[in-house]
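In case you want the letters, here they are:
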Amino acid sequence: MDEVALRTATAAAVDASDAGGAARLARRLIEARPGLPTYRFLRRRAEAATFLPPYRLALLSSFSVEFLHDALIAHAFAQGLCLSIHQTGFNTFRQEILAPDSDLYAARCDAVILAVDGQDWVPDAYGWSATSCDVAAFQAEVAALVAAFRKRCGAPLLIHNLAPPPWPRLGILDSASDDGQAALIARLNEALRAVARSAADVHVVDYAGLVSRHGSADWFDERMRHYAGAPIRHHHLGDMAREHLKYIRALTGRSAKCLVTDLDNTLWGGVLGEDGPDGIRLGPTYPGSAFREFQEVLVGLAARGVILAVASKNNPADVDALFDRHHPHMRLGREHFACLRVGWQPKPDALRDIARTLNIGLEHMVFMDDSAAECEQVRQALPMVEVIHLPPEPERFAQLLLEGGLFETLSLSAEDRARSTLYRARAEAEALKDACTDVAAFLDSLGMRLTLAPLVPAALARAGQLTRKTNQFNATTWRLSDGELEALAADPAWIVMTAALTDRFGDHGIIGLAMARHDGATLDIAQLLLSCRVIGRGVETAMLAELCHQASQAGCGRVVGRIVPTAKNVPARDLYRKAGFSGAGEEADGSTRWVLDPAAGGVEAPAWFHHS
Amino acid sequence: MPIDDEIKALLADILGLAPAEIGPHTAIDKVPAWDSANHVNIILEIEARFGFTFPAEEIERLRGFSDLVGAVAARRATV
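Residues numbered from 1 in each chain as written. Chains lettered and ligands numbered in written order. Predicted model: local features only at pLDDT ≥ 70, side-chain atom pairs only at ≥ 80, totals over all residues. Heavy atoms only, no water.

So, on to helix H26 (residues 539-553) of chain A. The terminal C-alpha atoms of H26 of chain A, which comprises 15 residues, lie 21 Å apart, in line with the 21 Å expected from a rise of 1.5 Å per residue. Inspection of H26 of chain A places Val539, Glu540, Ala542, Met543, Leu544, Ala545, Leu547, Cys548 and Ala551 of chain A among the buried residues, and these make up the whole buried set. (Helix = DSSP H or I, 4+ residues; strand = E, 2+ residues; numbered from the N terminus. Expected span 1.5 Å × (residues − 1). Buried < 20%, exposed > 50% of the residue type's maximum accessible area, 1.4 Å probe, protein only.)

As a further point, take the interface of chain A and chain B. Taken together, the contact between chain A and chain B spans 11 residues of the former and 17 residues of the latter. Between chain A and chain B lies a buried interface of about 1200 Å² when both sides are counted; carbon and sulfur atoms form 56% of it. Of all residues in chain A, the largest losses of buried area upon contact with chain B belong to Arg40, Arg223 and Tyr227 of chain A, amounting jointly to 48% of the total for that side. Between chain A and chain B we count 4 salt bridges in total. For Arg44 of chain A, the salt bridge goes to Asp13 of chain B, with nearest N and O atoms at 3.3 Å. On inspection of chain A and its partner chain B, the count reaches 8 residue pairs in polar contact (both at pLDDT 80 or more). Among the elements of the structure, helix H3 (36-48) and helix H13 (222-228) of chain A are those that each provide at least two residues to the side of chain A that touches chain B. Tallied by class, residues from the side of chain A that touches chain B come to 6 nonpolar, 1 polar and 4 charged. (Contact = heavy atoms within 4.5 Å. Buried area = accessible area lost by both parts, 1.4 Å probe. Salt bridge = Lys/Arg side-chain N within 4 Å of Asp/Glu carboxyl O. Polar contact = N/O pair within 3.5 Å; in protein donor to acceptor, adjacent residues only side chain to side chain. Nonpolar A, V, L, I, M, F, W, Y, C, P; charged D, E, K, R; others polar.)

Let us look at unusual backbone geometry. Residue and element names in this part refer to chain A. For the bond running from Tyr286 to Pro287, omega is 0°, close enough to zero to count as cis. As for its placement among the helices and strands, Pro287 is situated in the loop between helix H15 (272-275) and helix H16 (288-303). The residue Ser17 is not glycine, and still its phi comes out positive at about 55°. One can find Ser17 in the loop between helix H1 (3-15) and helix H2 (19-32).

With that settled, the discussion passes to the pattern of salt bridges. Residues and elements named next belong to chain A. The tally for this structure, following the rule as stated, stands at 38 salt bridges over all chains. Between Arg468 and Asp482 there is a salt bridge, and its shortest N-O distance comes to 3.1 Å. In this pair, Arg468 sits in helix H24 (residues 460-469) while Asp482 sits in helix H25 (residues 482-490), placing the two residues 14 residues apart along the sequence. No difference in accessibility class separates Arg468 from Asp482, as the two residues are buried. Close ionic contact of Asp589 with Arg562 constitutes a salt bridge, the shortest N to O distance being 3.8 Å. Of the two residues, Asp589 is situated in the loop between strand E16 (582-586) and strand E17 (592-596) and Arg562 in strand E15 (residues 558-563); the sequence distance between them amounts to 27 residues. Assessed through its relative accessible area of 26%, Arg562 is described here as partly exposed.

Structure, rendered in structure tokens:
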């Protein structure tokens, strides 16, 4: 489709309230013709796209950031969000944050971006006369602003770090000097990082990295900086917006979890079945060197928690042989993949099968293939899967895979780093389940050790991530920022309980969370959720048993729970009924209430858990 | 496309008007949507479309449809 056809189709999808279709077409339109005319077109369509989930963003800035609005709204639309922007006045960011009754707080935004230009924030560091700049004073100011913000607003706060200028004060000597501008700005950014690290849900937007990726001499528009207070060159506004959307994607729990890759002409050059293991292009010279490096990129993704899987049309024996004979230049081994689907089934079937085996929603999967036909087949059959069509040049793969920010996360837990291993364990446990007819005996054979404990600070990031990412075993889909969760854990009226699990396949870390409020008469379970990789092991029953026990101890005569049905949380719907709760009515929104008297029997924890 | 038609299409898109509504009467102090931010957008998109750059002090003087057509035509003539 050309630009005109894409515009027509996007408008038609909006008119038909087709959320998925509209977002996909918007993505293709931006890809085909990035730039302000496209962003403007999409912003106008987004205004009519009220069926998309709304997201409200506040922009605080020292420059004319209004020029970014169209690009932000368009890129959010392409991600399936209806973005609205609360714009505060030019360079009023300090007043907005410090005044308790400012419009910023009244606007009740989902996230706040503080985009302050280094020259405006720390003019001394950007000056041309010999500079002295008080890094500690800068850190104190940022910390005070963050503290004031946190006192009044629980929304995530994204702060731009400072970009070095294109022409450093000391020229070529600058980077060699301890007191050069580059070193100074690095120290200021370190101070910013320290403030963000010590506050809940405050994140650094790597503006310096973004500017340097595109080249600061091209990024900044000196004419428009002076004329209109608009320092970012127009053709980079899309890059800026896309960077912001990476953070919003992660904040809204919409990052992809799994990358499904093809093999031939994707992880190596050539066709394994025809060229043989010695004939494929993978090694020290081009194009093999580019494929080898791309494999290293995937190893890196796995290390940051992305689950890797293979969907390839190949002879399984050939692929097995390649993995087993340790090709000297293969960087990816069997251990990096949670699931291999090698055979002759159509790719959409392979993807469905992988999703089922790993228990991951297809909308959290990215598919990557060099074949236009297979990509198109997946797009048609599984429109919720993000498809990356690889070009013939392997040196372009890494950028295509990484630039969209599909896999971004705001924190990295030990659970994330070990994810591929744990998912492979899950696939193995699934296989074991098939062999074991008695479920209790099977679960007992896993040697599971369950630890139920109040939320500790070290577990906050992981627990917050679970509330934002879990879709299937999630009783109420109540999503919280780390800050909100921390506040609940500190409130004596609330029980915030984490569940951690190990079994003979490995340490799964924290895989469950429950939040309940008690008032002396009733313990009200506001949320209970499990990571999808431990569904079916009875962890929820053990958690309910512990909550009932705590209810009795607190003198509560009633334990109540609630299920808010969503399209995805079918596995959680029977949670309370299975544990012996009685139905206590249905509300207008379809949610159901459940009640139990803990004194009359309570809930019994499954016998297969070894508690610790 | 003649210069004035191209500029009409561009102004219509940025200002949210129909191309037929654009003419010599379309100017910065007549159209509410033609604010200072859109003025910058208009200048930058004309530059991108026609391939030249206005000096900053000229941007102030380009206050309406006719000014823009004249400025583009003058540069076209000198090329």
